[in-house]
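# Coordinate analysis (summary)
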Amino acid sequence: MMGHPPFNGPAIAVSDLRMRYGDKDVLTGLDLEIEPGGVTALLGPNGAGKTTTIEILEGFRARSGGDVSVLGVDPVHGGEDWRARLGVVLQEWRDNGKWRVRDLLRHFAEYYRPYAEPWGADELLDLVGLAEQGGQRVQTLSGGQRRRLDVALGIIGKPELLFLDEPTTGFDPHARREFHELIHRLTDLDGTTILLTTHDLDEAEKLAERILILAGGRIIADGSPDQLARAAATVAEVSWTQDGRRQVHSTEDATDFARKLLATDDGAVSDLEIHRASLEEAYLTLVEQFETGQAEAAVDTFKEATK
Ligand SMILES: Nc1ncnc2c1ncn2[C@@H]1O[C@H](COP(=O)(O)OP(=O)(O)OP(=O)(O)O)[C@@H](O)[C@H]1O
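Every chain begins its residue count from 1, and numbering advances along the sequence as written. Restriction of local features to residues with pLDDT of at least 70 applies here, the model being predicted, together with a cutoff of 80 or more for giving and counting side-chain atom pairs; totals for whole chains, interfaces and linings are based on all residues.

### Focus: the environment of Val 248
Put simply, DSSP marks the helices as runs of H or I at least four residues long and the strands as runs of E at least two long, and each gets a number from the N terminus on. Considering the arrangement of structural elements, one finds Val 248 in strand E11 (residues 245–251). On a C-alpha basis, the gap between Val 248 and Asp 222 in space is 25 Å, while along the polypeptide they are 26 residues apart. Two residues qualify as being in contact provided that their C-beta atoms, derived from the backbone, are within 7 Å of each other. In this view, Val 248 contacts Glu 237 and Ser 239; residues no more than four positions away in its chain are not counted.

Quick look at the structure:
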């Protein structure tokens, strides 16, 4: 018999995950549990460790420390049968340029056949919006079409758990919307659990029931888009000009901050503004704070939404 008994535990369970490259700590104690079904988005500034985390979960990268379980298995010990239950869409295109699209899908489908009934090539081409391109060589596809083919290859084995690393990079707005519909179909029809990384907060809000923000080596925000938006709205942004430079500070008590700022400024502060942040703004501020070395201020922004 093909397939495997349904798995009852969390799709992903991570405890105190650590990753160090040389003398650089990238993950410093990441805790995470994801129940089966639904879409979770992992966001974070460049270099935060999103790809590293996903690659550890996929079993492509050995971790430095901590416990990890993916579909009940430690990825370090995951065999072919475990791997066949995962779908993986990596950031980088693996070169299969000379293959024709339909042939490539058929070729990959064979790999899954011992473990599951894969998608038929034509059915899948329809699903990802490449019905017209089945006979083309991969190298003649546009960037967005290649990315759809990546997604097709990732889901061809009808995975229980799908990892998507920046899946919509290079998509035009139309392709992006179609891709979002595809993700909804996968979760609605098949109950697939999806973990995706993105830089696009708007995309995360549209697709995910849960958003995780990774920064400074750990998860600093974890909640529904709504919960994060509410946490962000408690923070106001105070901006002003001083010594010819624009300054910005995030605070929960803008009035108090402004009073203190003006009390000691000797008239040097001008153009004072107070603005309550939207989720997107709060996220962009966070990324900026990380990039300019103000990690603690960034962590504070979302602390109320983090368990
Ligand atoms: N094989 C490696 N050897 C050494 N350092 C690495 C290696 N892979 C990643 N890093 C470093 O680890 C950090 C995290 O990288 P990672 O690719 O996981 O981040 P990311 O959040 O996915 O970034 P991006 O948003 O830019 O894709 C970066 O500083 C990167 O330079």
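### Some points on the site of the ligand
What surrounds the ligand is the set Tyr 21, Val 26, Gly 44, Asn 46, Gly 47, Ala 48, Gly 49, Lys 50, Thr 51 and Thr 52. The leading source of residues in the shell around the ligand is helix H1 (residues 50–58), at 3 residues. Here the term charged refers only to Asp, Glu, Lys and Arg, the term nonpolar to Ala, Val, Leu, Ile, Met, Phe, Trp, Tyr, Cys and Pro, and the term polar to all other amino acids, Gly among them. In terms of residue class, the shell around the ligand is made up of 3 nonpolar, 6 polar and 1 charged. Should the C-beta atom of a residue, placed from the backbone, lie within 6 Å of a molecule or strand, that residue is near it.

### Here's the deal with the sheet that holds strand E4 (residues 65–70)
What makes two strands pair is DSSP finding at least two bridges between them. Taking strand neighbours across the sheet as the criterion, the 3 strands line up as E2-E1-E4 in an open arrangement whose pairing is antiparallel. Strands at the two margins of the open sheet, each flanked by one partner only, are strand E2 (24–34) and E4. Adjacent strand axes in the sheet meet at a mean angle of 25°, parallel and antiparallel pairs treated alike. Pairing of strand E1 (residues 12–21) with E2, which is carried by 8 bridges, proceeds in the antiparallel orientation. Following the sheet pairing, Val 14 is matched in E2 by Leu 32. Convention adopted: a line fitted to C-alpha atoms gives each axis, helices being fitted over their contacting stretch, and angles between N-to-C directions are expressed from 0 to 180 degrees.

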